[in-house]
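Summary of the model geometry
Chain residues, written in single-letter form:
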Amino acid sequence: MEFRTVGSIEEALACLADVGDEAQVVAGGTDVMIQHMRREINPSLFLYIGNLCEMEGLTKNGSHAIGALTTHRHLATDPLVVAAFPALAEAASTVGSWQTQEVGTLGGNLCNASPAADTVAPLLIADAQVELRRASGVRRLPLDEFLLGRRSTARLPDELLTAVTARPPGERCGETYLKLGRRSAMEVAIAGLAVRLTFDAVGNVESAKVAACAVAPRAYRAVEAESVLEGSRLEEGTVAEAGRALVDSATPIDDARASASYRRHVLPGLLVRAVATCRERAVEQR
Ligand SMILES: Cc1cc2nc3c(=O)[nH]c(=O)nc-3n(C[C@H](O)[C@H](O)[C@H](O)COP(=O)(O)OP(=O)(O)OC[C@H]3O[C@@H](n4cnc5c(N)ncnc54)[C@H](O)[C@@H]3O)c2cc1C
């Protein structure tokens with residue numbers, strides 16, 4: 001087995017064009033190395049891309065693009081990211097411990113496609129698209145289409161995920177990410193919920209975006225819950241109805257962290273808290 005480091009995106013793409021099928025891209029290595037140690041993967045080449053600094057950080061050039069090699073620590077602490085994508089920053093701050101956040105990347109979190117990946121739900125409520133590059137060109141896909149299921153994505157073997165573009169919240173808008181675990185660090189989500197609410201001038205919900213993780217094979221937008229919230233003034237009964245719609249949309253499993261019924265049980269409460277936070281944040285923004 002070979003471990004190769006590349007010095008540019010072009011070099012990485014040329015290498016993937018050559019041996020993509022046999023290569024495993026390594027960014028922070030926090031998923032890959034564990035999978036290798038567990039003998040779940042055994043590539044003939046590890047292609048280390050972690051030093052490609054052109055794939056790091058947030059750039060505002062018409063749209064907001066976040067480099068795939070941006071670490072969770074960067075997402076959680078960079079004032080530009082915190083201001084543009086508060087829910088994403090909150091999600092990144094809950095990943096593992098600070099050691100994991102220091103090396104683990106956004107691109108790795110998305111490409112690994114764990115049902116509990118924390119960054120996915122906040123990106124789904126921001127209408128995120130992924131940028132996939134190969135030697136012969138580039139394509140963009142909605143994140144929702146990129147994620148196919150547990151540990152499965154639409155990425156081709158010769159493609160590199162280079163960036164994620166997303167839409168920040170606008171005026172009179174608040175968003176948040178809430179994660180439920182048994183403790184507050186080193187914990188993969190039992191359930192996670194990202195909510196973005198935009199209000200009209202008189203306080204009705206103009207647009208609602210709700211995305212859940214760890215309660216289905218992949219994170220998803222809960223569109224039925226969104227339609228219940230839209231047009232409302234977030235009365236108690238409406239939020240409760242949206243909570244029931246959210247539970248109906250979930251397809252959780254029993255695993256070592258929690259039972260499926262517990263996961264269903266906690267979703268409405270998470271929604272109530274998330275909605276209240278969004279409302280507060282939208283008001284603060286005025
Ligand atoms: C102790 C511990 C705690 C953790 N806690 C959490 C948690 O709370 N929440 C959470 O969501 N995750 C958690 N994780 C998982 C992991 O840290 C994250 O998924 C992290 O974001 C992975 O990023 P990475 O750069 O380390 O990816 P890597 O391990 O380098 O790669 C992961 C996958 O993505 C592919 N890949 C990486 N970058 C690219 C790219 N640019 N283009 C194409 N393919 C690419 C790799 O080939 C591999 O298949 C934890 C991991 C550990 C070890």
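None of these values were measured; they are calculated from a predicted model. (Residues numbered from 1 in each chain as written. Predicted model: local features only at pLDDT ≥ 70, side-chain atom pairs only at ≥ 80, totals over all residues.)

1. Describing the overall build of the chain
To keep it simple, the criterion reads: Helix and strand definitions follow DSSP, with helices as H or I runs of at least four residues and strands as E runs of at least two, each counted in order from the N terminus. To get the radius of gyration, use the C-alpha atoms; to get the globule rule, take the number of residues to the power 0.38 and multiply by 2.2 Å. Here a residue counts as buried when 20 or more other C-beta atoms sit within 10 Å of its C-beta, as exposed when there are 12 or fewer, and as partly exposed otherwise, the C-beta atoms being derived from the backbone. What counts as a contact here is a pair of residues whose C-beta atoms, placed from the backbone, lie within 7 Å.
The helix and strand inventory of the chain stands at 12 helices and 14 strands. A compact globule built from 286 residues should have a C-alpha radius of gyration of about 19 Å, and the chain, at 19 Å, falls within 12% of that. Along the first, second and third principal axes, the C-alpha set of the chain runs to 60 × 45 × 30 Å. Counting all 286 residues of the chain, 45% fall into the buried class. The long-range share in the chain, meaning contacts at least 24 apart out of those at least 6 apart in sequence, stands at 63%.

2. Observations regarding the domain arrangement of the chain
Defined as follows: Note that the domain bounds reflect an automated or database-derived domain assignment.
One can read the domain layout of the chain as domain 1 (2-112 + 128-166) and domain 2 (173-285). On a C-alpha basis, the centroid separation for the pair domain 1 and domain 2 is 26 Å. Counting from both sides, the interface comprises 11 residues of domain 1 and, opposite them, 11 residues of domain 2. When residues of the side of domain 1 that touches domain 2 are traced back to their parent elements, those giving at least two are α5 (86-92) and β8 (147-149).

3. Some points on the site of the ligand
Keep this limit in mind: What makes a residue near a molecule or strand is its C-beta atom, placed from the backbone, lying within 6 Å of it. Classes in brief: Ala, Val, Leu, Ile, Met, Phe, Trp, Tyr, Cys and Pro nonpolar; Asp, Glu, Lys and Arg charged; the others, Gly included, polar.
Inspection of the region around the ligand gives 28 residues, with Gly28, Gly96, Gly108, Asn109 and Cys111 positioned closest. The leading source of residues in the shell around the ligand is helix α7 (residues 106-112), at 5 residues. Along the lines of polarity and charge, the residues of the shell around the ligand split into 13 nonpolar, 12 polar and 3 charged.

4. Considerations on the nonpolar core
Let me state the cut-off plainly: Only buried residues count toward a nonpolar core: Ala, Val, Leu, Ile, Met, Phe, Trp, Tyr and Cys, linked into one set through C-beta atoms within 7 Å.
Counting residues in each nonpolar core, the largest one holds 88 residues, and the members touching the most others are Ala121, Leu124, Ala191, Leu193, Ala211, Ala212 and Leu246. Ranked by the residues each element gives to this core, the list is headed by helix α12 (residues 260-285), at 7 residues. Residue-level mapping places this core at the junction of two domains, with at least three residues from each of domain 1 (2-112 + 128-166) and domain 2 (173-285). If we skip the residues at most four places from it in the chain, alanine 191 touches Leu180, Ala212, Ala214, Val215, Arg263, Val266, Leu267 and Leu270.

5. What about the pairing of strand β5 (residues 63-67)?
Under the convention used in this document: Only when DSSP finds a minimum of two bridges between them are two strands counted as paired.
Note that strand β4 (residues 58-61) and β5 share 4 bridges and pair antiparallel. Paired with lysine 60 across the strands is histidine 64, a residue of β5. Joining the antiparallel neighbours β4 and β5 is a turn of 1 residue, in which glycine 62 adopts a positive phi near 85 degrees. Where β5 meets strand β10 (residues 160-166), 4 bridges bridge the pair, whose relative direction is antiparallel. When the bridges of β10 are listed, alanine 65 appears paired with threonine 165.

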